[in-house]
Protein chains: 2
Amino acid sequence: MGHTQRGQCAKRISILDAAAEVFCREGFSGASIDEIAVEACVSRQTIYNHYREKETLFTAVVEDVMDRANAMLFSILSTFPDKSDHLEDDLTAFAVRLTKNCLCNQDGKFLRKLVQSEGERYPHLFETWRQHGPGKIGTALGALFARLSHKGVLRIDDFDLAARQFLALVNADLQMITLFGGTPTDEELESAARNAVQTFIRAYAGPASETAPRTPALAVVG
Amino acid sequence: MGHTQRGQCAKRISILDAAAEVFCREGFSGASIDEIAVEACVSRQTIYNHYREKETLFTAVVEDVMDRANAMLFSILSTFPDKSDHLEDDLTAFAVRLTKNCLCNQDGKFLRKLVQSEGERYPHLFETWRQHGPGKIGTALGALFARLSHKGVLRIDDFDLAARQFLALVNADLQMITLFGGTPTDEELESAARNAVQTFIRAYAGPASETAPRTPALAVVG
DNA sequence: GTCAAACTAGACACCATTGTCTAAAACGTC
DNA sequence: GACGTTTTAGACAATGGTGTCTAGTTTGAC
């Protein structure tokens, strides 16, 4: 009995992957169990075996994707070097990793589409996404910027705001591509990240590095 | 005969409005003609009378919303003052108008959700949105920033990039709210706009790049 | 090989939805 | 008031999806 777990597990994964694909492509109501079964190379009954009904399957898929996305997110977050002597390059490379592996990959696309289209119908979905899923990417990034600000590398008042703006800037060039399902090329990711980081640093590095002391400049910052 | 146009027109509008509401809430496959008929206070046959089938209705709704959103967009764009002595305040007020009337209203929500969820299944929808609809908000804003840059008020290399970043920054604080269907309050709009504009100006008012010559414009902006 | 568990294929009832059709009613014009 | 058009309510067939059931097959442990 013990080893059948393997087979079961393989089926489960196969079903979850196929379901994620189909739900993402067709939305919840547009997706049919038969379609998922075919894509997963599994009989329909097997799906009803593991997940009582369509709704249960959908919830399981969302949890699965969120867990994976969450793990990937923190794995990426930890890759920012403790000390960086080329802030722009390090931030750019970091932004590329973030977009490539979290924001613009299949899981990111799934969550963006599904939270958007089904978030109102499943409020708990949105809540989970915000608290346990990639929704907290903002606060996590905020912690990173707090570190950088503490070291004097950046000059930031509101860390969470800076994090939101950083993400927004990185997405600025990618939205057109990701909005209708496309996947950005490496060049596009690189360019988007570079644009975003340059603007971000211009806004938050300020004259600290090269000009007079900061105190009277407060008027500029407002 | 001539005056029946009025009645017909009223029905059409009623149907389009109700359909937009339901399509937005339920998605294309989730929306049922009966539901739309009830919401429009119209019999189902009347809908099939005006629009041959569900698909036709959907297309008509999208065109209708896009036309309205487009008109509103250009109406708002023209409100930016020709000469502004308080750039931050003027940009902020402008951003508030833009979000309130274009990005975060019912039409904006509809387009965001529908282009996202049905854009892959209706490529022409996405194309129309990008070329004739609010998708060109970017280039329109780019023209505005080109003007500001020419006047020396801002220092911008790539106008379209600046426009994308401006929009992204404005959305940074609103995404969490709009993502699951909420409508931001006036205070939230105001705060989001202020945060965005301050960062935008810090990035684009100062010396363009590290080695660029400096102008006294910095003081004027603050 | 044996056995139990899991999987498959297909049939099935049930329900919601689309799109058509018809007869009656409402409306606006003359 | 008469007439043509539009709208309405409801019945209708056709379709497609959900979830159940059954009978037969595969799978893996012992």
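Preceding block: the structure.
Structure report, in brief. Keep in mind it's a predicted model, so treat the numbers as computed, not measured. (Residues numbered from 1 in each chain as written. Chains lettered and ligands numbered in written order. Predicted model: local features only at pLDDT ≥ 70, side-chain atom pairs only at ≥ 80, totals over all residues. Heavy atoms only, no water.)

### Digging into the overall build of chain A
Along the backbone of chain A there are 12 helices and zero strands. Seen in sequence order, chain A has helices and strands lined up from the N terminus as α-α-α-α-α-α-α-α-α-α-α-α. Counting only residues that meet the buried cut, chain A has 48% of its 222 residues in that class. Considering only residue pairs separated by 6 or more positions, chain A has 63% of its internal contacts joining residues 24 or more positions apart. Here chain A displays about 10900 Å² of accessible surface, and carbon together with sulfur accounts for 54% of that area. (Helix = DSSP H or I, 4+ residues; strand = E, 2+ residues; numbered from the N terminus. Buried < 20%, exposed > 50% of the residue type's maximum accessible area, 1.4 Å probe, protein only. Contact = heavy atoms within 4.5 Å. Areas by Shrake-Rupley, 256 points an atom, 1.4 Å probe, with all protein chains shown as cover.)

### Let's talk about empty space enclosed by the protein
A complete count under the given rule lists four cavities of 30 Å³ or more for this structure. For the largest cavity, the lining is made up of 26 residues, of which Ser117(A), Glu118(A), Gly27(B), Ser117(B) and Glu118(B) are closest to its centre. Residue assignment for the lining of the largest cavity shows that the elements contributing at least two residues are helix H1 (4-30) and helix H6 (106-118) of chain A together with helix H1 (4-30) and helix H6 (106-118) of chain B. For the lining of the largest cavity, the residue count by class is eight nonpolar, eight polar and 10 charged. (1 Å grid on protein atoms, 1.4 Å probe; cavity = no way out; pocket = protein on both sides within 12 Å on 5 of 7 lines; lining within 4 Å. Points joined across faces, edges and corners; volume = space filled by probe spheres on them. Nonpolar A, V, L, I, M, F, W, Y, C, P; charged D, E, K, R; others polar.)

### Focus: the packing of helix H9 (residues 159-172) of chain A against helix H9 (residues 159-172) of chain B
For the pair H9(A) and H9(B), the least separation of the axes is 8 Å and the interaxial angle reads 140°. When the axis of H9(A) is compared with that of H9(B), the two are oblique. Here H9(A) and H9(B) pass one another in a crossing that is right-handed. Contacts between H9(A) and H9(B) involve Arg164(A), Gln165(A), Ala168(A), Leu169(A) and Ala172(A) from the first element and Arg164(B), Gln165(B), Ala168(B), Leu169(B) and Ala172(B) from the second. Taken together, the residues that form the contact of H9(A) with H9(B) break down as six nonpolar, two polar and two charged. (Axes fitted to C-alpha atoms, helices over the stretch in contact; angles between N-to-C directions. Parallel < 35°, antiparallel > 145°, perpendicular 65-115°, else oblique. Left-handed = near helix turned anticlockwise from the far one by under 90°.)

### Describing the nonpolar core
Residues Leu141(A), Phe145(A), Leu91(B), Leu141(B) and Phe145(B) are the most contacted members of the largest nonpolar core, which totals 78 residues. Of all the elements, helix H11 (residues 186-205) of chain B adds the most residues to this core, at 10 residues. (Core = buried A, V, L, I, M, F, W, Y, C linked by side-chain atoms within 4.5 Å.)

### Re the interface of chain B and chain A
With 41 residues of chain B at the interface, the matching set in chain A holds 40 residues. Of the roughly 4000 Å² buried at the junction of chain B and chain A (both faces included), carbon and sulfur atoms supply 54%. On the chain B side of the interface with chain A, the three residues burying the most area are Gln116(B), Leu179(B) and Arg202(B), jointly 19% of the side's total. If you look at where chain B meets chain A, you find eight salt bridges. Two residues, Lys109(B) and Glu120(A), come together in a salt bridge whose shortest N-O distance is 3.6 Å. Counting across the interface, chain B meets chain A through 12 residue pairs in polar contact (both at pLDDT 80 or more). Among the secondary structure elements, those contributing two or more residues to the side of chain B that touches chain A are H1, H6, helix H7 (123-131), H9, helix H10 (175-179) and H11 of chain B. With seven residues, the top contributor of residues to the side of chain B that touches chain A is H11(B). Grouping the amino acids of the side of chain B that touches chain A by side-chain chemistry returns 16 nonpolar, 12 polar and 13 charged. (Buried area = accessible area lost by both parts, 1.4 Å probe. Salt bridge = Lys/Arg side-chain N within 4 Å of Asp/Glu carboxyl O. Polar contact = N/O pair within 3.5 Å; in protein donor to acceptor, adjacent residues only side chain to side chain.)

### Points about the packing of aromatic side chains
Two measures describe an aromatic ring pair: the distance that separates the ring centres and the angle between the ring planes. The tally for this structure, following the rule as stated, stands at 22 aromatic pairs over all chains. Ring plane angle 15° and centroid distance 5.8 Å describe the contact between Phe23(A) and Phe28(A), whose orientation is recorded as stacked. Summarising the burial analysis for this pair, Phe23(A) and Phe28(A) share the class buried. Aromatic rings pair up to connect Phe23(A), Phe28(A), Phe58(A) and Tyr122(A) into one cluster. Sitting over the face of the ring of Phe28(B), Lys54(B) holds its NZ or CZ atom 4.7 Å from the ring centroid. (Phe/Tyr/Trp six-rings, centres within 6.5 Å; stacked < 30°, edge-to-face > 60°. Lys NZ or Arg CZ within 6 Å of the ring centre and 35° of its normal.)

### Thoughts on the relation of the copies chain B and chain A
Relative to chain A, chain B is turned by 180° and slid 0.0 Å along the rotation axis, the superposed coordinates differing by an RMSD of 0.1 Å. Those values place the two copies in the arrangement expected of a two-fold rotation axis. Distance from the rotation axis, computed per C-alpha, reaches its smallest value in chain B at Ala203(B): 2.0 Å. A shared interface surface links the copies, since 88% of the contact residues of chain B are contact residues in chain A too. (Least-squares fit on C-alpha atoms with pLDDT ≥ 70 in both.)

### Notes on the packing of H6(A) against H6(B)
At a minimum axis separation of 10 Å, H6(A) and H6(B) run at an interaxial angle of 130°. Classed by the angle they form, the pair H6(A) and H6(B) counts as oblique. For the element pair H6(A) and H6(B), the recorded crossing hand is left-handed. Residues Arg112(A), Lys113(A), Gln116(A) and Ser117(A) of H6(A) touch H6(B), and the partners they reach there are Arg112(B), Lys113(B), Gln116(B) and Ser117(B). Counted by class, the contact of H6(A) with H6(B) contains no nonpolar, four polar and four charged residues.

### Things to note about helix H7 (residues 123-131) of chain A
For H7(A), the complete set of buried residues consists of Leu125(A), Phe126(A) and Trp129(A). Down the axis of H7(A), the sector holding all buried residues measures 95°, keeping them to one side. Where H7(A) is buried, its residues meet helix H4 (54-77) and H6 of chain A together with H10 of chain B. (Arc of directions from axis to C-beta.)

### Remarks on the side chain of Thr99(A)
Residues and elements named next belong to chain A. Assignment of secondary structure puts Thr99 in helix H5 (residues 87-103). You can call Thr99 buried: its relative accessible area is 1%. Discounting chain neighbours no more than four positions away, the residues touching Thr99 are Cys104, Asn105, Val170, Leu174 and Leu189.

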